[in-house]
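Here is what each chain is made of, one letter per residue.
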Amino acid sequence: MNAFSSDVAFTPTVKAIQSRKGSREAYARVEERGGWRATITPDLAAFIEAQTSVFLATANGEGQPYIQHRGGPAGFLKVLDERTIGFADFSGNRQFITQGNLQDNGQAFLFLIDYMLRQRIKIWGKARVVEDDAALTARLMPADYKARPEQAILFTVSAWDANCPQHIPQRLEAADVAAALAERDRRIASLEQEVARLRGGAATG
C-alpha cells in the first residue's frame, strides 16, 4: 500500500533520482500535504467531460507498454462518480491489444490534453473492460453519435496531477475556428450593408 497517492508514480527509484537531481524537497512538500488528489473534483470532472480525445496507456503481463487513442464528441468521457470514469469502446481495427493488456494487468493511465487551453491532466488508476452490459454501454454512448459501441471501459482513479502549460502548443479545434470565421463574415456583411446604406443616403442628400 502506498503511503501517499503520488507514490503510484514516485517509486523509491524515482525518489532517489529526484534526490540526486535536486527536486525531491519540493515533491516531499507535496507528500506532506497528502500527495496528489485521489478523487475527481468538480473542476476535473468538467475538464474530462469537455474533452474530445484521450490517450489510454496499458501494459501487458510482461510490462510492455501500449498507448491507444480514443476520441468522440465532447461528453464521450463520462464521470460516473468521484472515482470512476467510463466510456463506450467503439469498434475499431479489432486488434484488442488494450483489452488483452487489461486482462493480464489492470494498471492503466489516462492522459488528457486540451491544446486550446494548454492544459494537461495525468490520471493513474486501474481499468477494466465490461462486455455484454447493454445498459451500461447505452448509458456511456454519446447521443446521436454514429459509431458502433463494442463494449465499455471503466477506469478507477488512484491519483491525478495537472501539468504546467510549458511547451504545449496552442491549437484550436477546426469547428471553433469555423464558427469564429462565420461570425466574422456575418459581421463584415452587416458592416458592408451599413456602409452601402450610408452611401446611398449621402448620394440622395
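Here the structure is a predicted model, which means the values were calculated and not measured.

The rules behind the values
- Residues numbered from 1 in each chain as written.
- Predicted model: local features only at pLDDT ≥ 70, side-chain atom pairs only at ≥ 80, totals over all residues.
- Heavy atoms only, no water.
- Buried < 20%, exposed > 50% of the residue type's maximum accessible area, 1.4 Å probe, protein only.
- Helix = DSSP H or I, 4+ residues; strand = E, 2+ residues; numbered from the N terminus.
- Pairing = 2+ DSSP bridges.
- Phe/Tyr/Trp six-rings, centres within 6.5 Å; stacked < 30°, edge-to-face > 60°.
- 1 Å grid on protein atoms, 1.4 Å probe; cavity = no way out; pocket = protein on both sides within 12 Å on 5 of 7 lines; lining within 4 Å.
- Points joined across faces, edges and corners; volume = space filled by probe spheres on them.
- Nonpolar A, V, L, I, M, F, W, Y, C, P; charged D, E, K, R; others polar.
- Core = buried A, V, L, I, M, F, W, Y, C linked by side-chain atoms within 4.5 Å.
- Contact = heavy atoms within 4.5 Å.
- Polar contact = N/O pair within 3.5 Å; in protein donor to acceptor, adjacent residues only side chain to side chain.

**A look at the pairing of strand S1 (residues 53-59)**
S1 sits mainly inside the fold: five of its seven residues count as buried. Here seven bridges tie S1 to strand S2 (residues 65-71), and the two strands are oriented antiparallel to one another. Paired with Ser53 across the bridge in S2 is Gly71. Linking S1 to S2, which pair antiparallel, is a turn of five residues; within it Gly63 sits at a positive phi near 90°. As judged from the three bridges shared by S1 and strand S5 (residues 107-114), these two strands associate in the antiparallel manner.

**Let's talk about the packing of aromatic side chains**
Tallied over the entire structure, the rule returns six aromatic pairs. When the centroid spacing of 6.4 Å and the interplanar angle of 70° are considered together, the rings of Phe76 and Phe87 count as edge-to-face. Separated by 11 residues along the polypeptide, Phe76 in the loop between S2 and strand S3 (78-81) and Phe87 in strand S4 (residues 84-90) bring together distant segments of the chain. Here the two residues Phe76 and Phe87 agree in accessibility, since each one is buried.

**Regarding the layout of surface pockets**
Size it by volume and the second largest pocket reaches roughly 200 Å³. Every element with two or more residues in the lining of the second largest pocket is listed here: S2, S4, helix H4 (97-104) and strand S7 (149-163). For the lining of the second largest pocket, the class distribution of residues is four nonpolar, eight polar and four charged.

**Considerations on the nonpolar core**
Note on soluble globular proteins: their nonpolar side chains tend to be buried together. Membership of the largest hydrophobic core comes to 22 residues, with the highest contact counts inside it found for Leu77, Ile85, Leu110, Leu112, Ile123 and Phe155. Taken together, the elements giving at least two residues each to this core come down to helix H3 (42-50), S1, S4, S5, strand S6 (119-130) and S7. In this structure Leu110 touches Val54, Phe55, Leu56, Ile85, Ile121, Lys122, Ile123 and Phe155, once residues within four positions along its chain are discounted. Core analysis: the second largest hydrophobic core is formed by eight residues, Phe90, Val130, Ala152 and Leu154 among them.

**Thoughts on the environment of Thr58**
Tracing the chain through its elements places Thr58 in strand S1. Overall, the relative accessible area of 4% leaves Thr58 in the buried class. When near neighbours in sequence (up to four residues on either side) are disregarded, Thr58 contacts Gln64, Pro65, Tyr66, Thr98, Asn101, Leu102, Gln107 and Ala108. A distance of 3.0 Å separates a polar atom in the side chain of Thr58 from a polar atom in the side chain of Asn101.

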